[in-house]
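These are the residues of each chain, in order.
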Amino acid sequence: MAAGKKRVLDEASGSPKAKKTKTDKTVRKAKEETAKPTQPPSALVADEIDFPRGGGTSLTPLEVKTLRAEAAQEADKELFADSVKEAKSKRRRKSEVSGKLKAGEKDDKKAAGVRIEHLNYKRVSVGMKILGQIVAVEPLALIVSLPNQLFAHVPITHVSTQLTHLLENMDDADAKSDEEDEEEASPSRIPDLSDIFKPGQYVRAVVSAVHAPGSTDASGLGRARDEVQKASRRVELSLIPEKVNEGVAKTDLRAGLVLSASVKSVEDHGYILDLGMSEVTGFLSFKDAQKGHFDEDKKLQVGRLLDVIVSKLSGNGRTCNVSVDPQTLTSVSLAEVNSVNSVLPGALVQSLVTAVQSDGLILQVLGFFDGTVDQFHLPPGDPEDNYKIGQKVKARILYGISPSTPPRFALSLAEHVIKYKTKSAISDAVDTDLQEAYPIGTVLDAVKVTRVESERGLTVEVGSGIEGFVHISQVSDEHVPALSTSSGAWKIGTVHQARVTGYFSFDGILQLSLRPSVLAQKFLQVGDVQVGEVIKGTVKKLTDSALFVSISGNVDGVIWPNHYADIVLKHPQKRFKPGGSIKCRVLVVDADRKRIALTAKKTLVESTLPIVSQRGAVQVGVVTHAVVFKTSEKSLHVEFYNNLKATVPAREASETTPSSLSAAFPIGKPVQVRIIAVDQETGRITASIRQASPNYKSAITDISGVDIGDIVGDKAVVTLHPTQVIALLSLNNLANRREVSVAQLRSTLKVSDKLSDLVVTSRNPEKGFVLVATKPKEKEVLLQKNHLSLESVQPGQLVGGRVLRHIRYGALIKLSNSITGILHPTDAADDYESGKPFPAVDSVLRATVLSVDTERRQLTLSTRMSRLFPSQDKPIIDREITSLSDVKVGETLRGFIKSVAEHGLFVTLGRDIDARVQIKELFDDYVKDWKSRFTVNQLVKGRILSVNVEKKQVELSFRSSDSKRDGRSQLSLSDLSEGQKIDGRVKRVEDYGMFIEIEGSKLSGLCHKSELSDNKDADVTLALRSFREGDKVKAVVLSVDKEKRRISLGLKPSYFEETDFAQEESESEDEAASAPGFGVVEDAEGDDEDVDGDDDDEDVDLEDAEEDEEDNQEEESEDGEDVAMDVDLTLELQKPSKSSAAAPGSTSETLDFDGFQWSAPNPAEDVEMEHAHQGPDSNADFERLLLGSPNSSYLWVQYMSFQLQISEIDKAREIAKRAFKTINFREEQEKLNVWIALLNLENIYGTDESLESTFKDAARHNDSKTVHLRMSEIFEQSEKPEQAEEHFKKTVKKFSQSSKVWTLFAEHYLKRGMLEEARKLLPRSLQSLEKRKHLKTICKFAQLEYKLGDPERGKTIFEGIVDSHAKRWDMWSIYIDMEAVQGDIMSLRNLFNRLLALKMTSHKAKSFFKKWLELERRLGDEEGQAAVKAKAVEWTQRAVGNAES
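Just so it is clear, the structure is predicted and the values come from calculations on it, not from any experiment.

Regarding the overall build of the protein
Per the secondary structure count, the protein includes 43 helices and 55 strands. Taking all contacts inside the protein whose residues are at least 6 apart in sequence as the whole, residues at least 24 apart take part in 62%.

The following block contains the structure:
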């Protein structure tokens, strides 16, 4: 191949090495040559003619182009031939490896030479060029994330040559700074790293040094404060363009090449850039620089590093014009290169997939070089499904794999790397940064293991498109030497609880830990600790300077000596011993420096006073504890929490002046202080120890608790209660109120007289007194509206006004000619029922101001008594709700109906808080005409179901059965047994019997008309007609066929006793008494009168629910089907929900795929209705019906069927796509029905490609397992057994944890007569399934043997089950049912004798005897029946005897 020859030239060019001209880099280059002996020289010299690097300079451009075309043509031929052979022998991949293909030897040779390897610290070598992403910007270094969970750092001296030069000349610049103060800021000033770089930015770098683990460095990082900084110490990078671009030749500077450059100088028209090439300099015009994301008003500083795109090379070859357009940077791709050294990390290259492996891809890059992509840099999913050999992809170069001959590259196909963005978590169609979506410390309840690397760790699935990595050391607290993919606690498919401990930004994955000790930790990082929190720690180490305490995991704190105790400890080592427990309080939290300071002072630890830790939250008058940290002659300096300090003047230190402050208040002494002043401008806080004493009484009282306009209560004598503030009252004011003279008032007024209704008129904080007056009369309050101004109105002020009208947000009240107010219904009264939420128009009322809207000149008002008279204890029945945080799930609240919509109600709970009540949550039972029950502004009561703070959504329920639903699980098919008495409702009446829906479940059973009466001669047809849909009945379970999912019920009076009905009445009375009165408050008693019991929404197909939550949950999830339905459903369609009711004329429940004709009509439908409502027969009819029921999959599929009848296949596809966009996203089942119909359409009328594409889309938009099983069912029904088998194989591989998938696969084989293949599935399934599912799976396989295979083999399996699980009565029942189908009465008698010999309850024995007796009547004779009765009597007597003994 030409490519091979090209590599030979590259290798040969490595022998003649050019001498270096730069002497200052000789040491570093020597190290790089030692680390990479096979690397070619770093620069191309013009006189290298014989064997030029990469070839090309010794040939004309036309010859080079011809050679490249020939090489690409030969490569395409071989790759195309390989891909064709790959497609023909897709099912025999193992045979390809063994060499059956013609080109097999070449492939084996290539596969052996190209291996997908992870990058680790051992493989990182000096001189390696690599792409990284900045995760943190330190003052003197950058922290960089590398591929495959590695970290590195870049010292500030390795950013650019110009920046290093500025740092070296820093002293000279400081000396001249005084002279340049008046001049404009020079762009050559030393920029901070935070000005040049930002977290999330991608950089191309070269490894300058690799340190051994644990070694110290002088890189500018200083002391490592977290795990990321510790990890980044090992690898040192350099961003200097001269090193990064080393190897890029002048001939490589073509348009579109992306490389690093640094600003060398600022000229008149632009910037001169250093490209790292001695012969060429870069130029960036000011106009082009504006396209980059830089500050518009600032010029780029000298030394700044840029990513640039080559625009053109000047004619003389000395200047290269570049651009910095961000969009071009991320999208431009490298087309061709002269040598391997011209390929820089970060380059976007066109690649060809040459091999697809389970752990990644092997690519051919630029037609010459090999490349690998590991799974961390592939989009989510199986690589073998997403990529094919011969597929062309665009990938980004990460680093060159060294040493490697021929050269190889590691690449990335991850979307965030291709687009140069940070990985984001998509939630609700909004991109959220990964660190914001999953903060450190977040506990993930269920993460699923997707990949296992035995000696490295686990890759787990966290969410949609989000993965996490668990290192092998973080899997368990115990040492784990190796991990296994198919066994052990961490095998593929297992689900675990994990905790986020960090991020690997470049790979876009979370760093997780499964260790129980990490999950139990209270704090994972310093930022999680709250100032003032009392914690228990463990003494880690005691030194002369401090005590170190372990708080939680890796989070440590320090206690300084002056905080060891309330007094100075002479021998702290006696009190604090390593490993001992210590109780302390958090004093200071410095998240930036990763430091926590603690205090062990008993006074502070046991203090109940407020915590003062923020300057803005300090309030005058607050009493708290502080610690003396400095003394002077005139003042004390005390320290609160979080380094907040205050000054205590000497006069405020004590009641008596101490001789020496330092002697009375030694450093470290805890004191109780009162905040007496706060200077907001300077932030200075003044405190007092004297005023903090409980016996202190100030001559000047703190009046901060009294506001002007406050109404003083009844208990005001000399001081105002409860503030104890001294107030002055004018005798003239009091005399005018009492309508007496001042002289008369003096004679009648006595000390200790109680004055009521006083209002604060003014306050003087400096002198500490308050002026009060008597409260004005009511009419005076109303008159104040004439003098009301928007500037003077304050929240809490009383105003009066007149009701103008009622608007959407409440009552509009006129307060003045220019000011209005809004009174929301929820602000009208503390008791909605007794108050007036909607006051009459023109009525005059008094209200208090809640808020002022100056733009609308409108006030928000409240007439709640608790607002008008806050000092009075008024009972509050309906509390005020101002935000979503006030609403709690499960809480019972009242509100007013805001609107009645098609899908339910909207209820207002507060001014800006509305709740939705869906139709299904309105009543306990089905009500057809529900809208007539509700009107706007109606008072209702309900229970909060859910609160979504982000979307501001609240779900409310009026159903009184919510509490029952929470506490009582629904019945499933396995819970029913023969002889069990159940309550139910008549669901449908047919000629042959009636279907009864069992109460407390979604199950339905058939009561045959022969089971209605004990009288065999009675007219059961007449009795059948007496039943109506919705009638409550009590029935007995006669038999349960779990395979066909059928329940037979009986209503004969002989089945029941009087106690059964008496018990039912008492239970119904108890339920009625305990049911809460939800719904409309006024009509709460009458809600149950007109309720229709037919609730078709309960008939939900949950057959394909997930199976990994509770034992037997899979059987319960399938109980939603109508178990008595005999119609052979070719396509199982769920009945339309209430929000998507079927249109008139929808008279069937199934769909036949042959033309999508509706079959299986409802026999109970009225004939007159059928004639009155004919089905739609035109596009206009369907469009009209869909306007009324846009969520009805029944109508959409019928519309598709109509189009197929007129051969409009493409039109049917378009209708399906319309349905997906139109149907509400919550109607998942409705959408699934349309997807299944579209799959049937593609199966019959489409191609294999269209079917495969539709199937992938369906699996992506719906429950994947459900779609996979339905697809297999479609292939079976369309008589495509080979495709069905192939699809089943994929399904069991993808969902190996599902018992249902394995049993359906076995059933498929048995139907085709492939008995051995079916039987081989059982041991395979038991290896993949969880242990709790084994018994159920074995039972299913045994039933399949009875039905479709060898009954004797099924009997053998059941014998093994009942032998090992003798007390599993359900297994005995299934075993007996299977034997009953065979008709062998002797075998059945043997089974019953063995079963009844076991110890069981009388209830269970009774059900088995009844079942035996019924089988004897059906299959046996009279003697057998008599024997059963005798055995029953004998068993009863024996049980009674055992009980008495």
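Concerning unusual backbone geometry
Of note in this structure, aspartate 842 is not a glycine but carries a positive phi near 75°. Positive phi, normally seen in glycine, also occurs at arginine 1045, with a value near 60°. In this structure, arginine 1045 sits in the loop between β51 (1032-1041) and β52 (1046-1050). A relative accessible area of 11% places arginine 1045 in the buried class.

Thoughts on a negative patch on the surface
A surface patch of negative charge is lined by Asp382, Asp385, Asp1248, Glu1249 and Glu1252. When residues of the negative patch are assigned to their parent elements, the largest contribution, three residues, is made by helix α33 (residues 1248-1261). Along the chain, aspartate 385 turns up in helix α13 (residues 383-386). You can call aspartate 385 exposed: its relative accessible area is 51%.

Some thoughts on the nonpolar core
Membership of the largest hydrophobic core comes to 43 residues, with the highest contact counts inside it found for Leu273, Leu284, Val308 and Leu411. Apart from the residues within four sequence positions on either side, valine 308 is in contact with Leu257, Val258, Leu259, Ala261, Leu273, Leu275, Val322, Ser323, Val324 and Leu329. Formed by 40 residues, the second largest nonpolar core is a distinct cluster that contains Val207, Leu398, Ile401 and Tyr420.

Observations regarding helix α41 (residues 1385-1396)
The terminal C-alpha atoms of α41, which comprises 12 residues, lie 16 Å apart, in line with the 16 Å expected from a rise of 1.5 Å per residue. Those residues of α41 hidden inside the fold are in contact with α39 (1351-1364), α40 (1369-1382), α42 (1402-1419) and α43 (1422-1444). The N-cap of α41, judged by a side-chain oxygen 3.3 Å from the amide nitrogen of methionine 1386 a few residues on, is aspartate 1384.

With respect to the pattern of salt bridges
Under the counting rule described, the total for this entry stands at 43 salt bridges. Between glutamate 117 and arginine 123 there is a salt bridge, with the nearest N and O atoms lying 3.6 Å from each other. On the basis of relative accessible area, arginine 123 is assigned to the partly exposed category, the value being 31%. A salt bridge links aspartate 1377 to lysine 1411, with the shortest nitrogen-to-oxygen separation between them at 2.7 Å. Of this pair, aspartate 1377 sits in helix α40 while lysine 1411 sits in helix α42, placing them 34 residues apart in sequence. Judged by its relative accessible area of 6%, lysine 1411 falls in the buried class. Each of Asp827, Arg867, Glu880 and Arg911 takes part in one network of salt bridges that share partners.

Section: empty space enclosed by the protein
Summed over the entire model, instances satisfying the criterion amount to five cavities of 30 Å³ or more. In this structure, the largest cavity spans a volume of roughly 110 Å³. Looking at the largest cavity, it is lined by 16 residues, and the ones nearest its centre are Val258, Leu334, Gly346, Ala347 and Leu348. Here the residues of the lining of the largest cavity sort into 10 nonpolar, four polar and two charged.

A word on the environment of valine 126
Within the secondary structure, valine 126 sits in the loop between α5 (104-113) and β1 (129-137). By relative accessible area, which is 15% here, valine 126 ends up buried. Considering only alpha carbons, one finds valine 126 and serine 208, 82 residues apart in sequence, at a separation of 5.4 Å.

Some points on the environment of histidine 471
One can find histidine 471 in strand β20 (residues 466-471). Along the chain, histidine 471 and glutamate 455 lie 16 residues apart, while their C-alpha atoms are 9.1 Å from each other. Excluding residues that lie within four positions of it along the chain, histidine 471 makes contacts with Arg456 and Gly457. Here serine 473 takes part through its side chain, which lies 2.9 Å from a polar atom of the side chain of histidine 471.

Regarding the side chain of glutamate 1379
Tracing the backbone shows glutamate 1379 in helix α40. For glutamate 1379, which is buried and forms no salt bridge, the nearest opposite charge comes from lysine 1355, at a distance of 4.4 Å. Residues within four places of glutamate 1379 in sequence aside, it is in contact with Tyr1346, Lys1355, Asp1384, Ser1387, Leu1388 and Leu1391.

Observations regarding the sheet that holds β52
Ordered in space as β48-β49-β50-β52-β51, the five strands form a closed barrel in which the pairing is mixed. The sheet shows a mean angle of 50° between the axes of neighbouring strands, taken without regard to direction. As judged from the two bridges shared by strand β50 (residues 1004-1008) and β52, these two strands associate in the parallel manner. Residue pairing in the sheet places cysteine 1007 in a bridge with leucine 1049 of β52.

Some details on the pairing of strand β7 (residues 270-274)
For β7, the tally of buried residues reaches four of five residues, placing the bulk of the element in the interior. As judged from the four bridges shared by strand β6 (residues 258-266) and β7, these two strands associate in the antiparallel manner. The partner of serine 262 across the bridge, within β7, is aspartate 274. As judged from the four bridges shared by β7 and strand β8 (residues 281-285), these two strands associate in the antiparallel manner. The residue bridging glycine 270 from the neighbouring strand is serine 285, located in β8. In this antiparallel pair of consecutive strands, β7 and β8, the connection spans six residues, and glycine 276 shows a positive phi of 80°.

A word on the sheet that holds strand β18 (residues 443-453)
If you walk around this closed barrel you meet the five strands as β18-β19-β20-β22-β21, and the pairing is mixed. Within this sheet the neighbouring strands show an average axis-to-axis angle of 50°, counted without direction. The pairing of strand β21 (residues 495-504) with strand β22 (residues 509-513) spans five bridges and is antiparallel. Paired with arginine 499 across the bridge in β22 is serine 513.

Observations concerning the confidence of the model for the protein
Counting all residues, the mean pLDDT for the protein is 76, and 78% of those residues have values of 70 or more. Here residues 84-112 is a poorly scored stretch, pLDDT under 50, and it has 21 contacts once near neighbours within four places are set aside; other chains count. Contacts for the low-pLDDT stretch residues 708-718, under 50 throughout, to residues beyond four places or in other chains number 35 contacts.

Points about the packing of helix α29 (residues 1179-1188) against helix α30 (residues 1193-1205)
Each packed pair of helices is defined by two parameters, the angle between the axes and the distance between the axes. The interhelical angle for the contact between α29 and α30, taken along N-to-C directions, is 170°, at an axis separation of 10 Å. Judged on the interaxial angle alone, α30 and α29 are roughly antiparallel. The residues of α30 that touch α29, namely those facing Asn1179, Phe1182, Glu1183, Leu1185 and Leu1186, are Leu1195, Trp1196, Gln1198, Tyr1199, Phe1202 and Gln1203.

Quick look at the packing of aromatic side chains
Scanning the entire structure with this criterion turns up 22 aromatic pairs. Ring centres 5.4 Å apart and planes at 45° place the aromatic pair phenylalanine 1182 and phenylalanine 1202 in the tilted group. With phenylalanine 1182 in helix α29 and phenylalanine 1202 in helix α30, this residue pair connects regions lying 20 residues apart in the sequence. Neither residue differs from the other here; phenylalanine 1182 and phenylalanine 1202 are each classed as buried. One aromatic cluster in this structure is built from Tyr202, Tyr420 and Phe506. Positioned over the ring face of tyrosine 420 is arginine 396, at 4.1 Å from the centre of the ring. Above the face of the phenylalanine 548 ring, lysine 541 is positioned so that its terminal group lies 5.4 Å from the ring centre.

Topic: helix α35 (residues 1281-1294)
Helical geometry note: an α-helix holds 3.6 residues per turn, so side chains three or four residues apart project in the same direction. Over its 14 residues, α35 extends 20 Å from the first C-alpha to the last, a length consistent with the 20 Å expected when each residue adds 1.5 Å. Looking at α35, one finds that the buried residues are Ala1284, Glu1285, His1287, Phe1288, Thr1291 and Val1292. Projected down its long axis, α35 carries its buried residues within an arc of 170°, all on one side. Of the exposed residues in α35, the ones pointing more than 90 degrees away from its buried face are Glu1282 and Lys1293. Tucked inside the fold, the buried residues of α35 contact α33, α34 (1264-1277), α36 (1299-1311) and α37 (1315-1328).

Some remarks on the pairing of strand β26 (residues 581-590)
Of all 10 residues in β26, seven are buried, a share of seventy percent or more. Taken together, the five bridges between strand β23 (residues 534-542) and β26 define a ladder with antiparallel strand orientation. Across the sheet, valine 534 pairs through a bridge with arginine 585, a residue of β26. Where β26 meets strand β27 (residues 595-599), five bridges bridge the pair, whose relative direction is antiparallel. From the neighbouring strand, valine 589 faces β27, where its bridge partner is isoleucine 596.

Rules used in this analysis
Each chain has its residues counted from 1, following the order in which its sequence is written. Note on the predicted model: pLDDT of at least 70 is required for a residue's local features to be given, and 80 or more for side-chain atom pairs to be given and counted; whole-chain, interface and lining totals, by contrast, use all residues. With hydrogens and water stripped out, all remaining heavy atoms of the structure feed into the side-chain values. Numbering of helices and strands runs from the N terminus, with a helix taken as a DSSP run of H or I at least four residues long and a strand as a DSSP run of E at least two residues long. Contact criterion: two residues are considered in contact whenever any of their non-hydrogen atoms come within 4.5 Å of each other. Between buried and exposed lies partly exposed: a residue is buried under 20% and exposed over 50% of the maximum accessible area for its type, with that area taken using a 1.4 Å probe on protein chains only. Patch membership requires more than 30% relative accessible area and the absence of a salt bridge. Residues of like charge join within 9 Å; the nonpolar side chains Val, Leu, Ile, Met, Phe, Trp and Tyr join within 5 Å. We get accessible surface area from the Shrake-Rupley algorithm with a probe of 1.4 Å; when it comes to residues, only the shown protein chains can shield them. We count a salt bridge whenever a side-chain nitrogen from Lys or Arg sits within 4 Å of a carboxyl oxygen from Asp or Glu. The sign given to each residue is positive for Lys and Arg and negative for Asp and Glu; His and the chain ends receive no count. Where a charge lies is defined by one atom per residue type, namely NZ (Lys), CZ (Arg), CG (Asp) and CD (Glu). Buried Ala, Val, Leu, Ile, Met, Phe, Trp, Tyr and Cys residues form a nonpolar core when they are joined through side-chain atoms within 4.5 Å. Here the expected length of a helix is defined as 1.5 Å per residue gap, with one fewer gap than residues. Polar contacts here mean pairs of N or O atoms no more than 3.5 Å apart (in protein, one a potential hydrogen donor and the other a potential acceptor; neighbouring residues in sequence count only if both atoms are side-chain atoms). Think of a 1 Å grid over just the protein atoms. A cavity is a set of points where a 1.4 Å probe fits yet cannot get out, a pocket is an open set with protein on both sides within 12 Å along at least five of seven lines, and lining residues have an atom within 4 Å of a point. Grid points are joined across faces, edges and corners, and a volume is the space filled by probe spheres set on the points. Ten residues, namely Ala, Val, Leu, Ile, Met, Phe, Trp, Tyr, Cys and Pro, are considered nonpolar, four, namely Asp, Glu, Lys and Arg, are considered charged, and the remaining ones, Gly among them, are considered polar. Two strands are counted as paired when DSSP detects at least two bridges linking them. Throughout, an axis means a line fitted to C-alpha atoms (over the contacting stretch in the case of helices), and angles, computed between N-to-C directions, take values from 0 to 180 degrees. Looking at any residue, its pLDDT shows the predictor's confidence there, from 0 to 100. Geometric relationships in this document are graded by angle, where less than 35 degrees denotes roughly parallel, more than 145 denotes roughly antiparallel, 65 to 115 denotes roughly perpendicular, and other angles denote oblique. Within 6.5 Å between ring centres, the rings of Phe, Tyr and Trp (the latter by its six-membered ring) count as paired, and their orientation is classed by plane angle as stacked under 30 degrees, edge-to-face over 60, tilted in between. Cation placement over rings: the criterion is NZ of Lys or CZ of Arg within 6 Å of the ring centroid and within 35° of the ring normal. The arc in question is formed by the directions pointing from the helix axis toward the C-beta atoms.

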